[in-house]
Each structure stands twice: as structure tokens, then as C-alpha cells.
Amino acid sequence: MMIEDSFPDRLPDEEPPKSKSAVKREMIALQKLGEELVDLAPAKLAKVTMPEELAEAVMLARRLKNREGRRRQLQYIGKIMRVIDSEGIRRELESFHHDSQVFRQQFQRMENWRDRLISEGDSALEELISDIPGLDRQHLRQLIRQAQRDASQQKPPAASRKLFQYLRDNCQ
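Undergrad: Which residues make up helix H4 (residues 67-83), and what values go with them?
TA: Helix length check: H4 (17 residues) gives 25 Å between terminal C-alpha atoms against 24 Å at 1.5 Å per residue, within 8%. Looking only at H4, the buried set comprises Gln73, Leu74, Ile77, Gly78, Ile80 and Met81. Along the axis of H4, the buried positions cluster into a sector of 160°, meaning they face one direction only. In H4, the exposed residues that point more than 90 degrees away from the buried face are Arg72 and Val83. Close packing links the buried residues of H4 with helix H1 (20-39), helix H3 (52-63) and helix H5 (86-94).

Undergrad: Residue-level account of unusual backbone geometry, with values.
TA: Peptide bonds are mostly trans, and most non-glycine residues show a negative phi. Notably, Gln154 is not glycine yet its phi reads approximately 55°, a positive angle. Relative to the elements of secondary structure, Gln154 occurs in the loop between helix H8 (137-152) and helix H9 (158-170).

Undergrad: Talk me through the packing of H3 against H4; I want residue IDs and the actual numbers.
TA: Running from N to C, H3 and H4 point in directions that differ by 165°, and their axes come no closer than 10 Å. Taken together, the axes of H3 and H4 lie roughly antiparallel to each other. Regarding H3 and H4, the two cross each other, and that crossing is left-handed. Across the interface between the two elements, Glu53, Leu54, Ala57, Val58, Leu60 and Ala61 from H3 touch Arg70, Gln73, Tyr76, Ile77, Ile80 and Met81 from H4.

Undergrad: Tell me about the packing of H1 against H4, residues and numbers included.
TA: As a packed pair, H1 and H4 sit with axes 8 Å apart at the nearest point and diverge in direction by 115°. On the basis of their axis angle, the class for H1 and H4 is roughly perpendicular. In the packing of H1 onto H4, the handedness of the crossing is right-handed. On the side of H1, the interface is formed by Met27, Leu30, Gln31, Leu33, Gly34, Glu35, Val38 and Asp39, while H4 contributes Arg70, Arg71, Leu74, Gln75, Ile77, Gly78, Met81 and Arg82. Looking at the contact of H1 with H4 residue by residue, the class counts come to seven nonpolar, four polar and five charged.

Undergrad: Describe in detail H8, supporting the description with residues and values.
TA: Here H8 contains 16 residues, and its C-alpha end-to-end distance of 22 Å stays within 8% of the 22 Å for a straight helix at 1.5 Å per residue. Residues of H8 that are buried make contact with helix H6 (101-120), helix H7 (122-131) and H9.

Undergrad: Pulling in residues and values, what's your account of the environment of Gln31?
TA: On the secondary structure map, Gln31 appears in helix H1. A relative accessible area of 24% places Gln31 in the partly exposed class. The spacing of Gln31 and Arg82 is 51 residues in sequence and 9.3 Å in space, taken between C-alpha atoms. Gln31 has contacts with Arg71, Leu74, Gln75 and Gly78, leaving out every residue within four places of it along the chain.

Undergrad: I'd like to hear about the environment of Glu120, residue by residue, with values.
TA: Note on placement: Glu120 falls in helix H6. Along the chain, Glu120 and Lys162 lie 42 residues apart, while their C-alpha atoms are 18 Å from each other.

Undergrad: Quick rundown of the confidence of the model for the protein chain? Include the residues and the values.
TA: Do not read the predicted coordinates in detail wherever pLDDT is low. Looking at the protein chain, pLDDT values average 83 and 90% of them are 70 or higher. Ranking the elements of the protein chain by mean pLDDT puts helix H2 (residues 42-47) last, at 81, and H3 first, at 92.

Reading the values: the criteria
Residues numbered from 1 in each chain as written. Predicted model: local features only at pLDDT ≥ 70, side-chain atom pairs only at ≥ 80, totals over all residues. Heavy atoms only, no water. Helix = DSSP H or I, 4+ residues; strand = E, 2+ residues; numbered from the N terminus. Expected span 1.5 Å × (residues − 1). Buried < 20%, exposed > 50% of the residue type's maximum accessible area, 1.4 Å probe, protein only. Arc of directions from axis to C-beta. Contact = heavy atoms within 4.5 Å. Axes fitted to C-alpha atoms, helices over the stretch in contact; angles between N-to-C directions. Parallel < 35°, antiparallel > 145°, perpendicular 65-115°, else oblique. Left-handed = near helix turned anticlockwise from the far one by under 90°. Nonpolar A, V, L, I, M, F, W, Y, C, P; charged D, E, K, R; others polar. pLDDT = per-residue confidence, 0-100.

This is the structure in C-alpha cells:
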């Protein structure tokens, strides 16, 4: 007996229905993804794009102190995530993990920009501003000048760290 014979009402190119266990594993994974959203720092949570209903459910779960109420709210978040495109949210959350490739690439990109800004000055600043127009030009110039001054005087790189922090917070 062939597998195709066990599903007579299914078209030949259709996938077989998921087992109850597979559906439950997916539901638990989405619930864990929702729990990650709830536990995320407020600044990072603001960067995640999600539907209004999910955002409200996450904010409510963050306020709940009762363990059972929180568990039920997390189940509700998992239910919402089943009907939306959760893959985009998953990718955004991955970018926050220090061990993810996306995080390492963004970190490297910010380091490169910081080094270019310190070494090249205004020409690199103009290129950065053209790529990311919402940056504060005056504040960046101050940070760059201070970092250049610290480097020339062989001081600890405190201004360089501040410049990196500003880039990391505003260029993602």
C-alpha cells in the first residue's frame, strides 16, 4: 500500500495534513517567541514591527504580575502569532541576539563607520548622512572631533565608544 492511497481526498501535489504533535510544537514555538517579545527591553521592543493587536497583548503581558494570568496571556499571544506573519518578527528578534550572524554583521558595520568617521572626518560624515538622513549632524561632528582629539592625545577611547554607541542606537 502506498502513502498516496491513505489520503484519497487529497490532490497529488498537496502536502499531507500536519500531525497533532507537529501543530502543538509550532504553537509552543510561537508562544516562546511571544515570551521573548514580552521579556525584551523597551527600547528593543519599540524597534520590532508588529500588528497593533499583538503590541497591545505584549504590553498587557508585561504589566501582569500574576503567574497564571501571565501564562494565559502568553497563550493568547501565541494564538495571535499563528494568524500573522511571525517570521518577520523572528528575524528581528534574532538581530538582537549577540550570537546571531545578523548581530555580528551590524556590529562590524558600526565599527567600520566609527573608524571611517574618525579617520576621514567630514567626507565620511556626509556619506553616512546621505545613507541615513535622520542622524544629528552636529552631535556626530562633536563626537568625531572628541574621538579624534582623544586619539591624537593618546587618551582612553571614551569618545570613540560614545560615537559607536550613537551609531548603534540610531543606524539600525
